[in-house]
Amino acid sequence: MTMRPIRIIGDPVLRTACEPVTTFDTELRALVTDLMDTLLGAPGRAGVAAPQIGVSAQVFVYDADGHRGHLVNPTLELSTELQDDDEGCLSIPGLYFPTPRALHATAHGFDQHGEPRTITGSGFLARALQHETDHLAGTLYVDTLRGDTRRRALREIRAGRYDSPRR
């Protein structure tokens, strides 16, 4: 089991759009295994994206609402109906804020062998798919916040010194 350390806000890899995966080989399969080990290695985790362990590749794993798996090079179709629940992130530990997300999401992509894969979910699974796909674009959930919630989140991040790469 290879549980990799999670990168914390301030690390440039979290703010950089990932490269699409073009080779479906043993290296990719090892990355998926490391991501899954990292996800399942601690309780309460719903997903881990490759940049969260320092790898710039469009890959994430998830374990939400009884669904567990991975997706490579995902694209999303989102409903217009919204949910607004608290959201957190392993890369911004301990902070949770109400974050609007689409209530329903369908993610299209590939598995680790290059076979097409589609995942459809509502509620928490839809939130996890959106959250992890955002990571692959260099976006953190706090980037989607607005108004007072965004100001409060940024104050908390500054107070926690999460913006320092030394942490």
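Anything mentioned here points back to the structure above.
Residues numbered from 1 in each chain as written. Predicted model: local features only at pLDDT ≥ 70, side-chain atom pairs only at ≥ 80, totals over all residues. Heavy atoms only, no water.

1. Topic: the overall build of the chain
Looking only at helices and strands, the chain has three helices and seven strands in total. Moving toward the C terminus, one meets the helices and strands of the chain in the order α-β-β-β-β-β-β-β-α-α. Viewed in the frame of its principal axes, the chain has a C-alpha envelope of about 45 × 40 × 30 Å. Taken across its 167 residues, the chain has 48% of its residues classed as buried. (Helix = DSSP H or I, 4+ residues; strand = E, 2+ residues; numbered from the N terminus. Buried < 20%, exposed > 50% of the residue type's maximum accessible area, 1.4 Å probe, protein only.)

2. Regarding the sheet that holds strand E2 (residues 59-64)
The strand order across the open sheet built from five strands is E1-E2-E3-E6-E7, with neighbouring strands paired in antiparallel fashion. The sheet terminates laterally at strand E1 (47-49) and strand E7 (116-122), the two strands that pair on one side only. Adjacent strand axes in the sheet meet at a mean angle of 40° when their direction is disregarded. The pairing of strand E6 (residues 104-110) with E7 spans seven bridges and is antiparallel. (Pairing = 2+ DSSP bridges. Axes fitted to C-alpha atoms, helices over the stretch in contact; angles between N-to-C directions.)

3. A closer look at the packing of aromatic side chains
Tallying each qualifying case throughout the model produces two aromatic pairs. Ring geometry for Phe24 and Phe110: centres 6.1 Å apart, planes at 65°, overall edge-to-face. With Phe24 in the segment before helix H1 (26-40) and Phe110 in strand E6, this residue pair connects regions lying 86 residues apart in the sequence. Given a relative accessible area of 31%, Phe110 falls into the partly exposed group. (Phe/Tyr/Trp six-rings, centres within 6.5 Å; stacked < 30°, edge-to-face > 60°.)

4. Structural notes on the pairing of strand E5 (residues 92-102)
With eight bridges joining them, strand E4 (residues 82-89) and E5 adopt antiparallel strand pairing. When the sheet's bridge partners are listed, Glu87 is paired in E5 with Phe97. The turn linking E4 back onto E5 is made up of two residues.

5. Considerations on helix H3 (residues 147-160)
Helix length check: H3 (14 residues) gives 20 Å between terminal C-alpha atoms against 20 Å at 1.5 Å per residue, within 8%. On its buried side, H3 packs onto E5. (Expected span 1.5 Å × (residues − 1). Contact = heavy atoms within 4.5 Å.)

Everything listed here is a matter of geometry and, on its own, says nothing about what the molecule does.
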